[in-house]
Amino acid sequence: MNKIYLLLLIFFFSITSVIAIERDTFIEESLQGKVLSKPQTNINYNYESLAKIPIKLNITETISTKKDDIYDGQIVKFKVKENVFLNNQLFIKQGTIATARVETTVDRGMNGLPATIILDNFQINNIPQEKLKCTIIHKGLNLALLVFPIKWILTPIPGAGTCTNLILGGHANIKQKKTLTIYYYPHWAEKV
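A closer look at the overall build of the chain
And then number 1: Scanning the chain from N- to C-terminus turns up 3 helices and 11 strands.
And then number 2: Tracing the chain from N to C terminus, the helices and strands come up as α-α-β-β-β-β-β-β-β-β-β-α-β-β.
And then number 3: Residues classed as buried in the chain amount to 29% of the 192 residues present.
And then number 4: Summed over all atoms, the accessible surface of the chain reaches about 14000 Å², with 58% contributed by carbon and sulfur.

Structure, rendered in structure tokens:
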């Protein structure tokens, strides 16, 4: 029996070594003739300060995973809900337009898993983007905590537990009345 295991082990390692020898040239072929620049590093900046100023935003048009008009990379517009002050001076006026990018949309799934919208890359005129902390993850109704116990209860009955796979989670939507908060860090990106 040990000889069979030894032969299988030798066969496995010989196959994996042959596969490892084959050279993968996909990346080299894809990047051939393209000029790549080194990303900017901010090692001299001060990211230790935790002082932050909240900026409350309302979306200008409702977005939802239920509609087919939302996609990854889509630019959405927001309006600043209320005046923002910095050092007792008006910093951002109410009604100022801000934009964001829909980084990822995840459709709702089986077993009650909700849809998800991830917004990032917020931009407001005259505000350095590196001073904004602004990833927003918005999910729909999560039915998984309801579905999984039912699934376990129905498991002893043949085939009954699999019926819960057909229950879908809720759609994610961001309505105009929903207030989202992003943060401005005034001391970030200052030279140390």
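Quick look at the side chain of Asn111
And then number 1: Tracing the chain through its elements places Asn111 in the loop between β6 (97-106) and β7 (116-124).
And then number 2: Not counting chain neighbours up to four residues away, the residues in contact with Asn111 comprise Leu143, Ala144, Val147, Phe148, Lys151, Thr164, Asn165 and Ile167.

Some words on the environment of Phe91
And then number 1: Turning to its location among the elements, Phe91 is positioned in strand β5 (residues 89-92).
And then number 2: Residue classification places Phe91 among the partly exposed positions, given a relative accessible area of 28%.
And then number 3: As a C-alpha pair, Phe91 and Asn126 span 35 residues in sequence and 10.0 Å in three-dimensional space.

Side note on helix α3 (residues 144-154)
And then number 1: Within α3, the full set of buried residues consists of Ala144, Val147 and Lys151. Take α3 and look down its axis: the buried residues cluster within an arc of 65°, on one side only. For α3, the exposed residues lying more than 90 degrees away from the buried face are Leu145, Leu146, Trp152 and Ile153.

What to know about the environment of Asp72
And then number 1: Structurally, Asp72 can be placed in the loop between β2 (63-64) and β3 (75-80).
And then number 2: With a relative accessible area of 43%, Asp72 lands in the partly exposed category.
And then number 3: For Asp72 and Ile117, which are 45 residues apart along the polypeptide, the C-alpha to C-alpha distance reads 9.2 Å.
And then number 4: In contact with Asp72, not counting residues within four places along its chain, are Val102, Glu103, Thr104 and Thr105.
And then number 5: A distance of 2.8 Å separates a polar side-chain atom of Asp72 from the backbone nitrogen of Thr105.

Focus: the packing of aromatic side chains
And then number 1: Scanning all chains against the criterion turns up 2 aromatic pairs.
And then number 2: Arranged with centres 5.5 Å apart and planes meeting at 40°, the rings of Phe78 and Phe122 form a pair that is tilted. Linking Phe78 in strand β3 with Phe122 in strand β7, this pair joins segments that are 44 residues apart in sequence.
And then number 3: Ring centres of Phe91 and Tyr184 lie 4.8 Å apart, and the angle between their planes is 40°; this geometry places the pair in the tilted category. Of this pair, Phe91 sits in strand β5 while Tyr184 sits in strand β11 (residues 179-184), and the two are 93 residues apart along the sequence.
And then number 4: A residue is classified by how much of its surface remains accessible, and Tyr184, at 5% relative accessible area, is buried.
And then number 5: Against the face of Tyr183 rests Lys52, its NZ or CZ located 4.4 Å from the ring centre.

Definitions and cut-offs
- Residues numbered from 1 in each chain as written.
- Predicted model: local features only at pLDDT ≥ 70, side-chain atom pairs only at ≥ 80, totals over all residues.
- Heavy atoms only, no water.
- Helix = DSSP H or I, 4+ residues; strand = E, 2+ residues; numbered from the N terminus.
- Buried < 20%, exposed > 50% of the residue type's maximum accessible area, 1.4 Å probe, protein only.
- Areas by Shrake-Rupley, 256 points an atom, 1.4 Å probe, with all protein chains shown as cover.
- Contact = heavy atoms within 4.5 Å.
- Arc of directions from axis to C-beta.
- Polar contact = N/O pair within 3.5 Å; in protein donor to acceptor, adjacent residues only side chain to side chain.
- Phe/Tyr/Trp six-rings, centres within 6.5 Å; stacked < 30°, edge-to-face > 60°.
- Lys NZ or Arg CZ within 6 Å of the ring centre and 35° of its normal.

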